[in-house]
Amino acid sequence: MLRRRESVPFAFVAEADRFRSNVTPPPPERPSASQIVGRMLIGLTVVAGLVGSLLFGVPALDPAQGPGATQKSEAADGR
């Protein structure tokens, strides 16, 4: 058995479009110099980490160094 929903008057929605508040929100606070420097340091740390991971990771992905080009220890030579 299907129940029909009753119609809802939407006059309050139309009134909400016309409503304007006379209260202005406070202006956003400006960050202090120490906050700006802290954010810059965090950003530089993240960027330095990404660059460092590229510097160490790219040589490991080099296809010229195959499994046969690995270094052998001196202990393996004495066998």
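Residues numbered from 1 in each chain as written. Predicted model: local features only at pLDDT ≥ 70, side-chain atom pairs only at ≥ 80, totals over all residues. Heavy atoms only, no water.

Caption draft 1: Up close: the overall build of the protein. Tallying secondary structure elements over the protein gives 3 helices and 0 strands in all. Of the accessible surface of the protein, which amounts to about 8,500 Å², a share of 63% is contributed by carbon and sulfur atoms. (Helix = DSSP H or I, 4+ residues; strand = E, 2+ residues; numbered from the N terminus. Areas by Shrake-Rupley, 256 points an atom, 1.4 Å probe, with all protein chains shown as cover.)

Caption draft 2: Layout of a nonpolar patch on the surface. Judged by side-chain polarity, Val47, Val51, Leu55 and Phe56 come together as a nonpolar surface patch covering roughly 460 Å² of accessible area. Turning to its location among the elements, Val51 is positioned in helix α2 (residues 33–60). We classify Val51 as partly exposed; its relative accessible area is 44%. (Patch = residues over 30% accessible without salt bridge, like charges linked within 9 Å, V, L, I, M, F, W, Y side chains within 5 Å. Salt bridge = Lys/Arg side-chain N within 4 Å of Asp/Glu carboxyl O. Buried < 20%, exposed > 50% of the residue type's maximum accessible area, 1.4 Å probe, protein only.)

Caption draft 3: Structural context of the confidence of the model for the protein. The share of residues in the protein with pLDDT of 70 or more is 56%, and the mean pLDDT across the chain is 77. At the level of individual helices and strands, the protein shows its lowest average pLDDT in helix α1 (residues 11–18), which scores 58, and its highest in α2, which scores 95. (pLDDT = per-residue confidence, 0-100.)

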